[in-house]
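Listed below are the residues making up each chain.
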Amino acid sequence: MQKKNKIKFYPAAMTVSGSDSGGTSGIAADLRTFNAFGVFGSCAITAVSAQNPYFIRHTDVTAPRSLAAQIETVREKIHFEYMKTGFFGSAENISAVVQAVKKHAFSLVCAPELFTADGKKTADEKNIPLMESELFVLAQWLVADMAETELLCQNKCTNEEEMVQNAKTLSEKYHCSVIICGEEKFDDIIVKDGKCYSAYVTEDFTTLPLAGAKSTYAAALTAMLALDFPWKQAVCSAKAFVFGSLCQSVEAGPGCSVMYPPAEDYSHLVKLAEAE
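Predicted model only: the values in this text are computed from it and were never measured.

Caption draft 1: The arrangement of helix 4 (residues 128-135) in detail. Inspection of helix 4 places Ile128, Met131, Glu132 and Leu135 among the buried residues, and these make up the whole buried set. Down the axis of helix 4, the buried set is contained in an arc of 120°. They therefore lie on one face. Tucked inside the fold, the buried residues of helix 4 contact strand 4 (82-85), helix 3 (91-104), strand 5 (107-110), helix 5 (146-153) and helix 6 (160-174).

Caption draft 2: The sheet that holds strand 9 (residues 195-201), seen in detail. Read across the open sheet, the 10 strands follow the order 3-2-1-4-5-6-7-8-9-12; overall the sheet is mixed. Pairing within the sheet leaves two strands with one partner each, and these edge strands are strand 3 (56-61) and strand 12 (270-274). Across the sheet, the axes of successive neighbouring strands diverge by a mean angle of 20°, strand direction being ignored. Pairing analysis gives three bridges linking strand 7 (residues 177-181) to strand 8 (residues 188-192), with the strands arranged antiparallel. Bridging from a neighbouring strand, Val178 pairs with Val191 of strand 8. Each of strand 6 (141-145), strand 7, strand 8 and strand 9 touches helix 6; the most contacted strand, strand 7, lies at about 150° to it.

Caption draft 3: Structural detail: the packing of helix 5 against helix 6. Closest axis-to-axis distance for the helix 5/helix 6 pair is 10 Å, and the angle between their directions is 55°. Looking at the two axes, helix 5 sits oblique to helix 6. Relative to helix 6, helix 5 is oriented so that their crossing is left-handed. Side by side, helix 5 and helix 6 meet where Met146, Thr149, Leu152 and Cys153 of the first sit next to Met163, Asn166, Leu170, Lys173 and Tyr174 of the second.

Caption draft 4: Molecular detail of the pairing of strand 10 (residues 250-253). Of the pairings in the sheet, the one linking strand 10 to strand 11 (residues 256-258) comprises three bridges and is antiparallel in character. Residue pairing in the sheet places Gly253 in a bridge with Cys256 of strand 11. Taking the residues between adjacent antiparallel strands as the criterion, strand 10 and strand 11 are bridged by two residues, where Gly255 takes a positive phi near 70°.

Caption draft 5: Spotlight on empty space enclosed by the protein. A full pass over the atoms with the stated rule returns one cavity of 30 Å³ or more. Considering only enclosed or pocket space, the largest cavity measures out at about 50 Å³ in volume. Ala29, Arg32, Thr33, Thr216, Phe241, Ser245, Met259, Tyr260 and Pro261 together form the lining of the largest cavity. Residue assignment for the lining of the largest cavity shows that the elements contributing at least two residues are helix 1 (26-36) and helix 8 (231-247). With three residues, the single largest contributor to the lining of the largest cavity is helix 1.

Caption draft 6: Representation of the packing of aromatic side chains in the model. Here the structure, examined in full by the defined rule, presents seven aromatic pairs. Plain terms: the ring middles of Phe136 and Tyr174 are 5.1 Å apart, the flat faces sit at 65° to each other, and that makes the pair edge-to-face. Of this pair, Phe136 sits in the loop between helix 4 and strand 6 while Tyr174 sits in helix 6; the two residues are 38 residues apart in sequence, bridging distant segments of the chain. Considered together, Phe136 and Tyr174 belong to a single accessibility category, that of buried residues. When the centroid spacing of 5.8 Å and the interplanar angle of 80° are considered together, the rings of Phe243 and Tyr266 count as edge-to-face. A residue pair is termed long-range when its members are at least 10 positions apart, and Phe243 in helix 8 and Tyr266 in the loop between strand 11 and strand 12 qualify at 23 residues. Here Phe243 falls in the buried class, since its relative accessible area comes to 10%. Three or more aromatic residues joined by ring pairs form one cluster here, namely Trp141, Tyr197 and Trp231.

Definitions and limits used
- Residues numbered from 1 in each chain as written.
- Predicted model: local features only at pLDDT ≥ 70, side-chain atom pairs only at ≥ 80, totals over all residues.
- Heavy atoms only, no water.
- Buried < 20%, exposed > 50% of the residue type's maximum accessible area, 1.4 Å probe, protein only.
- Helix = DSSP H or I, 4+ residues; strand = E, 2+ residues; numbered from the N terminus.
- Arc of directions from axis to C-beta.
- Contact = heavy atoms within 4.5 Å.
- Pairing = 2+ DSSP bridges.
- Axes fitted to C-alpha atoms, helices over the stretch in contact; angles between N-to-C directions.
- Parallel < 35°, antiparallel > 145°, perpendicular 65-115°, else oblique.
- Left-handed = near helix turned anticlockwise from the far one by under 90°.
- 1 Å grid on protein atoms, 1.4 Å probe; cavity = no way out; pocket = protein on both sides within 12 Å on 5 of 7 lines; lining within 4 Å.
- Points joined across faces, edges and corners; volume = space filled by probe spheres on them.
- Phe/Tyr/Trp six-rings, centres within 6.5 Å; stacked < 30°, edge-to-face > 60°.

Laid out in structure tokens, this is it:
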């Protein structure tokens, strides 16, 4: 992916999340995605986990002072405007990122990690009120899956009609653009500037529901925005990248398929249309 316009510095972005030792989500997946788009990736690690694509065995949360130092030290020399956030691990880490976003006026893409790969709630679940009042209101984009949307809205999200209503609710509540990932069942629903859209693949393919899909979607969106592409192209390219990564998944171990950046461009298969 090439830059759209000439800019002063090489395009860069930061991911703030946990270090997934399995490589399917968190820092590893985000940096891999940034690189695939030609964006220099920096990171601030909120937690170190012992995990694989199926479960988490242990997590150590980073001290907020260390998290803040990572962000500030990188920003001293590397110019980035876009920051993507995922798992925080503590309320103090959320506050540290909020302070950094306010200080540097970062453009923020929030992709909360409220559930583990095996469907259990993460430590961030208890910090939802803080994320809602301090973090999401600073975001340019909020990217959530259907289970996370139900948790944030306290409302069912089991069909496209409910997805549209919940996306509108979140957009109005946080004053940001929202993407609800339809996963393998539904089109993605986007609310931007009060208008509702659906992003969908035009051909039928069978893809595996693999760990890290939503996080990769948000990272790809962040990369495209950092490259200064219009939001519609950014969303379509991000969805095409995730779809391609699912179609061209690789077997990293016995019976363990994982997403991997696709060798082909799937953008021609993704369309964006008004949902209403």
